[in-house]
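Structural overview
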Amino acid sequence: MRGRSEAGARPGAARRRKAVATNRQRRSATVAPGLGENMFTEAFSIIEHTSDIGAVITKLRDHLRIDHVVYHSSKLGTNPSDPQRGPYIRLTYPAAWILRYLQMGYAEVDPVLREAFQRTLPFEWSELTIASEAEASFLADAAAHGVGPHGFSIPVFSKHGHRGHFGVSSAQKEQWSSFLPAARPTLIGIANRLHRRVVAEVFGEDGPPLTAREIECLRWAAQGKSASDIAAILQISPHTSREYLKSARHKLDCVTSPQAVAKAVRLGLLVL
Amino acid sequence: MIIVVESHNAHKYSNLVDEMFRLRARIFRDRLHWDVQVTDGQERDNYDDLHPVYIIYCDDSATEVKGSLRLLPTTGPTLSRDVFYDTLPDAVHLCAPTIWECTRFCLDEKLLDKGKQNEMLFACLVLLEALGNVALRAGIESIIGNFDTAMLRLYRRIGCEVEILGSTLRFAEPIYLGLHPISEPVIRRIKARLHKRSLLLDATQKVAA
């Protein structure tokens, strides 16, 4: 707490509560209508509680109020067209487009697919490198079938090198420009959550375990300590204590720290 | 200028990328004596095969590398885990889509000469600003990185925020694992320092000329 002594502990706590409130306001100010923390929590709940992953994709599309959602995971990781391993694909694309995609052998041409497995940073489809006439006409054909032209792709990873791709798209420019800037962080969280489920469920890869420090942070959080309190206790910076909690939430597939505490207790990782 | 290279555009910058691997060999093997693999004068490791993001600071013709760094998400395999797994078991297992790892941060050795202080500090800030811009755009909130004592002094000197999570003595000198917070205010401060440095640099160059 910038330059302020901790002498007045009580007012400090009040100020802290205020800071938390302003943080919350700040966060909700940066998200579009309907894309706040509830939106995030709801999306995670869909991924957790919908048994069929294909149905998860459809529900996420409706939940995000976007035209289309695609998830694509390659067993081998970096090579999506490896014939040895079938890719794992779930999407909301119209049946007519899927059929045409297969008939035309578009997997060889599709620049979204290619770059999604080459890139590591998230990217917009407008940033794609269009290398040939064939690729340009592919994108036009996709748009004619209601897929794109506006899209955002998030490459996702696992500790064992298992790569995937989560993408959303829209046909309407205006809807897109009001949707994407605010939805970016939510979409990145959703993409990673979904990938963790597929990697565990379909490919049997274990997620990374919680570390002693992450469990320690959750234990303090369970006692109502804020990230700043935990930082003071552990003698680390508030930012770093937030990062340990964030890492714990990611590993436990939770949006909030209270959720993560509850889940850690349920799994027997944390004994209160 | 700054060029962000990933696998989808690496073919366009193959000479520049090779230059970067050569710079890494000169810095990490020849200068810092790290135990790194060098083949044909280029330093590469397994993590270069995982489609990392390279941020390269180069001259305007994109031939000469002035500095570079490598980024990987902590949701995938990370080098920090290999280097610090026994000394820092907690920090190296930080894993979240918003926490990324920066490795092989280096500057052209010509900038490390005594008389080039201002240029070196300027180059370092240019790279950090580029890292900040890429990170903000990708929703990254923290960067974990490893570096030696000299680099740590440099970070402190240019006012780059970093918290030391721990260190290892596996190499000739202590190597630290640090965490840089990324946020708009942090990047704004870097930009302000960069602006001041560029004025300073202009002034010294005028005096020299």
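Preceding block: the structure.
Residues numbered from 1 in each chain as written. Chains lettered and ligands numbered in written order. Predicted model: local features only at pLDDT ≥ 70, side-chain atom pairs only at ≥ 80, totals over all residues. Heavy atoms only, no water.

1. A word on helix α3 (residues 53-64) of chain A
Residues and elements named next belong to chain A. This is how the line gets drawn: Put simply, DSSP marks the helices as runs of H or I at least four residues long and the strands as runs of E at least two long, and each gets a number from the N terminus on. Multiply 1.5 Å by the residue count of a helix minus one, and that product is the helix's expected span. Each residue is assigned to one of three classes by its accessible area relative to the maximum for its type, calculated with a 1.4 Å probe on protein chains only: buried under 20%, partly exposed between the two thresholds, exposed over 50%. Note on definitions: a residue-residue contact is assigned when non-hydrogen atoms from the two residues lie within 4.5 Å. What qualifies as a polar contact is a pair of N or O atoms within 3.5 Å, subject to a donor-acceptor requirement within protein and to the restriction that residues adjacent in sequence count only when both atoms come from side chains.
Given a rise of 1.5 Å per residue, twelve residues ought to cover 16 Å, and the 16 Å separating the end C-alpha atoms of α3 matches this to within 8%. Along α3, the residues classified as buried are Ile-53, Gly-54, Val-56, Ile-57, Leu-60, His-63 and Leu-64. In the core, the buried residues of α3 are packed alongside α2 (37-49), β1 (68-73), β2 (88-91), β5 (164-170) and α7 (173-201). Capping the start of α3 is the job of one residue whose side-chain oxygen sits 3.2 Å from the backbone nitrogen of Gly-54: Asp-52. Once α3 ends, the next one or two residues include Arg-65, with phi positive near 50 degrees.

2. Here's the deal with the packing of aromatic side chains
Residues and elements named next belong to chain A. Heads up, the rule is: In this analysis, rings of Phe, Tyr and Trp, with Trp reduced to its six-membered ring, are considered paired at centre separations within 6.5 Å, and the interplanar angle assigns stacked below 30 degrees, edge-to-face beyond 60, and tilted for intermediate values.
In total, this model carries 15 aromatic pairs over all chains according to the counting rule given. On the numbers, 6.4 Å between centres and 75 degrees between planes, the contact of Tyr-88 with Phe-203 is edge-to-face. Taken together, the positions of Tyr-88 in strand β2 and Phe-203 in the loop between α7 and α8 (212-222) put the pair 115 residues apart, joining distant regions of the chain. When sorted by exposure, Tyr-88 lands in the same class as Phe-203, which is buried. Ring centres of Tyr-106 and Phe-138 lie 4.8 Å apart, and the angle between their planes is 80 degrees; this geometry places the pair in the edge-to-face category.

3. Re the sheet that holds strand β8 (residues 163-168) of chain B
Put simply, the test is: Strands qualify as paired when DSSP identifies two bridges or more between them. Fitting a line to C-alpha atoms yields each axis, with helices limited to the stretch in contact; the angle taken between N-to-C directions then spans 0 to 180 degrees.
Strands sit in the order β1-β4-β5-β6-β7-β9-β8 (chain B) across an open sheet of seven strands; the sheet is mixed. This sheet does not close on itself; its edge strands, each paired only once, are β1 (2-5) and β8 of chain B. Going from strand to strand, the sheet's axes swing by 25 degrees on average, the running direction of each strand aside. As defined by bridge partners, strand β7 (residues 142-148) of chain B adjoins strand β9 (residues 175-181) of chain B across seven bridges and the pair is classed as antiparallel. Along β9(B), the bridge assignment pairs Phe147(B) with Tyr176(B). Docked against the sheet, helix α10 (residues 238-251) of chain A engages β6 (99-107), β7, β8 and β9 of chain B, running at close to 90 degrees with respect to β9(B). Helix α4 (residues 149-157) of chain B contacts β6, β7, β8 and β9 of chain B of the sheet and is inclined by roughly 130 degrees relative to β7(B).

4. Thoughts on the environment of Ser257(A)
Residues and elements named next belong to chain A. Among the secondary structure elements, Ser-257 is positioned in helix α11 (residues 257-266). For Ser-257, a relative accessible area of 14% gives the class buried. Separated by 40 residues in sequence, Ser-257 and Cys-217 place their C-alpha atoms 9.7 Å apart. Of note is the side chain of Ser-257, whose polar atom sits 2.9 Å from the side chain of Arg-249.

5. Observations concerning the sheet that holds strand β4 (residues 150-156) of chain A
All names here are of chain A. Strand order in this open sheet of five strands is β2-β1-β5-β4-β3, and the pairing throughout is antiparallel. At either end of the open sheet lies a strand with only one pairing partner, and these are β2 and β3 (123-124). Summarising the sheet, β4 and β5 pair through seven bridges and their orientation is antiparallel. Counted as the bridge partner of Phe-152 is Val-168 from β5. Here α7 sits on the sheet and contacts β1, β2, β3, β4 and β5; the angle it forms with β4, its principal contact strand, is near 25 degrees.

6. Thoughts on the nonpolar core
Using the following cut-off: Here the nonpolar core consists of buried residues drawn from Ala, Val, Leu, Ile, Met, Phe, Trp, Tyr and Cys, with membership extended through side-chain atoms lying within 4.5 Å.
If you look at the biggest cluster of nonpolar residues, it comprises 53 residues, and the most contacted ones within it are Leu218(A), Ile56(B) and Leu177(B). Setting aside anything within four residues of it in sequence, one finds Ile56(B) in contact with Met1(B), Ile2(B), Ile3(B), Val5(B), Leu16(B), Val17(B), Met20(B), Val65(B), Gly67(B) and Ser68(B). Of all hydrophobic cores here, the second largest spans 42 residues; its members include Trp100(B), Leu107(B), Ile182(B) and Val186(B).

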